[in-house]
Amino acid sequence: ISGKHSMAIFHPISEMKDKHKWHLEHEEISGVIAVVLKWSRINKIITSTRIEGKINDLDNHVILIDNKGLVMAGPDPKMFFKTNLVDLGMQSAAKAVKKEEGYIVENNQYGKESLISYTSFGKDSIFSHLGWSALVVRDPKFVFASVEDINEIMLFAFAIIVVALIAVSVIFSGRLSR
């Protein structure tokens, strides 16, 4: 009616027939609860997720994809239900769709190198049957900043040690040649 995306969620309300066996065949469904959410609200939840205290931006953000890799929520509403990250060649999206978990450094949906963590909603989630996955896109310069700092410190320490060794060898070689 409004022309905007929404989502209906239905979940059975059930009682266990056998308290010792937790499985659908041992449950008696006594009703169904239904909720309809505006997709803009779901996107607001996804995009308001802070990554290390930072607000989502094009370098650091969360993306929600469906079971085929189609963008459902993220920083760019123009991509919703139109852009497929698997079709764009993003390995992280392809692995997430296959229910794999992990991280990879690759170009994000904007072609910028990023560290992307990927996971699908686990079997314990009420959304597990939907096949949705989340990608957390991070700027690798920010993620690896402390490693870069350590590298610089080690290089500086190495330079000092080399200079000290040269000075000591010059002093000792002068004494030995006399």
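Conventions and cut-offs
Residues numbered from 1 in each chain as written. Predicted model: local features only at pLDDT ≥ 70, side-chain atom pairs only at ≥ 80, totals over all residues. Heavy atoms only, no water. Buried < 20%, exposed > 50% of the residue type's maximum accessible area, 1.4 Å probe, protein only. Helix = DSSP H or I, 4+ residues; strand = E, 2+ residues; numbered from the N terminus. Arc of directions from axis to C-beta. Patch = residues over 30% accessible without salt bridge, like charges linked within 9 Å, V, L, I, M, F, W, Y side chains within 5 Å. Areas by Shrake-Rupley, 256 points an atom, 1.4 Å probe, with all protein chains shown as cover. Salt bridge = Lys/Arg side-chain N within 4 Å of Asp/Glu carboxyl O. Pairing = 2+ DSSP bridges. Axes fitted to C-alpha atoms, helices over the stretch in contact; angles between N-to-C directions. Contact = heavy atoms within 4.5 Å.

A. Representation of helix H1 (residues 39-47) within the structure. Those residues of H1 lying buried are Trp 39, Ile 42, Asn 43 and Ile 46. Taken around the axis of H1, the buried residues stretch over an arc of 100°, which confines them to a single face.

B. Expanded view of a nonpolar patch on the surface. A contiguous nonpolar surface patch, about 380 Å² in accessible area, is contributed by Phe 158, Val 162, Ile 166 and Val 170. Tracing the sequence through the fold places Ile 166 in helix H4 (residues 145-176).

C. Here's a closer look at the sheet that holds strand S7 (residues 133-138). Taken in spatial order, the 5 strands make up an open sheet running S4-S3-S7-S6-S5, and their pairing is antiparallel. On the outer flanks of this sheet lie strand S4 (71-73) and strand S5 (102-107), each paired with one strand and no other. The sheet shows a mean angle of 35° between the axes of neighbouring strands, taken without regard to direction. Pairing between strand S3 (residues 61-65) and S4: 2 bridges, direction antiparallel. Within the sheet, the bridge partner assigned to Leu 64 lies in S4 and is Ala 73.

D. Up close: the pattern of salt bridges. Inspection of every chain in the model, using the stated rule, returns 1 salt bridge. In this structure, Lys 112 and Asp 59 form a salt bridge, with 2.5 Å as the shortest nitrogen-oxygen distance. Here Lys 112 is found in the loop between S5 and strand S6 (113-120), whereas its partner Asp 59 is found in the loop between H1 and S3, with 53 residues between them in sequence. You can call Lys 112 partly exposed: its relative accessible area is 33%.

E. Looking closely at the environment of Leu 85. Considering the arrangement of structural elements, one finds Leu 85 in the loop between S4 and helix H2 (91-97). When the C-alpha atoms of Leu 85 and Asn 108 are compared, they prove to be 8.8 Å apart, with 23 residues separating the residues in sequence. When residues no more than four places from it in sequence are discounted, the contact partners of Leu 85 are Ile 63, Ile 65, Gly 69, Val 71, Met 90, Ala 93, Gln 109 and Leu 135.

None of the figures reported here should be taken as evidence of function without further support.
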